[in-house]
Amino acid sequence: MPSPESVPSRPTAGSITDRLVAANERYASAFTDPGMDARPVLKVAVVACMDARIDLHAALGLHLGDCHTIRNAGGVVTDDTIRSLTISQRALGTESVVLIHHTGCGLQSLTEDFRTDLEREVGQRPTWAVESFTDAEQDVRQSINRVRTSPFLPHTGDVRGFVFDVRTGRLREITAAPGGTHRTSHREP
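Residues numbered from 1 in each chain as written. Predicted model: local features only at pLDDT ≥ 70, side-chain atom pairs only at ≥ 80, totals over all residues. Heavy atoms only, no water.

Labelled according to an unreviewed UniProt entry, the chain appears under the name carbonic anhydrase, originating from Streptantibioticus silvisoli. The UniProt entry for the chain carries the following comment under Sequence similarities (unreviewed entry): "Belongs to the beta-class carbonic anhydrase family." The Function (unreviewed entry) field of the UniProt record for the chain holds the comment "Catalyzes the reversible hydration of carbon dioxide to form bicarbonate." (UniProt positions renumbered as here; feature names shortened; annotations may be inferred.)

In structure tokens form, the structure reads like this:
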């Protein structure tokens, strides 16, 4: 994990990409191959929002090699999230899924009109849904149920969802809706 000094928080001369590449040069000069496998040590995949205020590894006490991290706008479970989780489970051995939304998410202020606006601007309608939501807790429940009901995921017994409070750093667990679908985890033969 980079130190705060390795990536300055405010732009200076040169592009931000130039600064990131320079930070990588410093990182690489002291880098030692940890000899890790692509399989996460803790056999867990974490799906979370891409929000820059959330340092997932620090917030969850994770270290390099502990988990797979899948991030997108809102931390919602989309078809691409299911694709990544399927590869994570079936090819790389994860068995648990942690879903994390957060307070003050930008998706709470967007609607599907965002797609219409884009179409007007660029002349092509996006094929993807915005997946906006107004209630983070309810969207976590929906995400839990999307994971638990996916026919592609063999391990759905340990799927838990949370809302991360960006002001306190605390996770609040959200349980699936009463009567929500739940499949028993099974292993591939």
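Novice: Give a detailed account of the pairing of strand E3 (residues 96-102), specifying residues and quantitative values.
Specialist: Across the seven residues of E3, seven count as buried, placing the element largely inside the fold. Because side chains alternate across E3, one face comprises the buried residues Ser96, Val98, Ile100 and His102, and the other comprises Val97, Leu99 and His101, equally buried. Bridge count for strand E1 (residues 44-49) against E3 is five bridges, and the pairing is parallel. Residue pairing across strands places alanine 45 opposite valine 97, the latter belonging to E3. Sheet topology note: the E3/strand E4 (residues 158-164) ladder contains seven bridges and is parallel. Counterpart to isoleucine 100 in the pairing with E4 is phenylalanine 162. (Buried < 20%, exposed > 50% of the residue type's maximum accessible area, 1.4 Å probe, protein only. Helix = DSSP H or I, 4+ residues; strand = E, 2+ residues; numbered from the N terminus. Pairing = 2+ DSSP bridges.)

Novice: Could you give an account of the side chain of threonine 94, with specific residues and numbers?
Specialist: Topologically, threonine 94 is positioned in the loop between helix H3 (79-90) and E3. If we ignore the near neighbours within four places in the chain, the residues touching threonine 94 are Pro40, Lys43, Val44, Ala45, His68, Ser88, Gln89 and His155. (Contact = heavy atoms within 4.5 Å.)

Novice: Requested: an account of the UniProt feature "binding site: Zn(2+)" (unreviewed entry) in the chain, with residues and values cited.
Specialist: Summarizing the sequence annotation, UniProt attributes the feature "binding site: Zn(2+)" (unreviewed entry) to Cys49, Asp51, His102 and Cys105 in the numbering used throughout. Taken along the chain, the residues just named run across 57 residues; in space they keep tight, none of their C-alpha pairs more than 8.7 Å apart. Following the sequence through the fold, cysteine 49 ends up in strand E1. For cysteine 49, the residues in contact, after removing those within four places along its chain, are Arg71, Asn72, Ala73, Gly74, Gly75, Ile100, His102 and Cys105. Here aspartate 51 is to be found in the loop between E1 and helix H2 (56-60). With residues near it in sequence (within four places) discarded, aspartate 51 still touches Arg71 and His102. Of note is the side chain of aspartate 51, whose polar atom sits 2.7 Å from the side chain of arginine 53. (Polar contact = N/O pair within 3.5 Å; in protein donor to acceptor, adjacent residues only side chain to side chain.)

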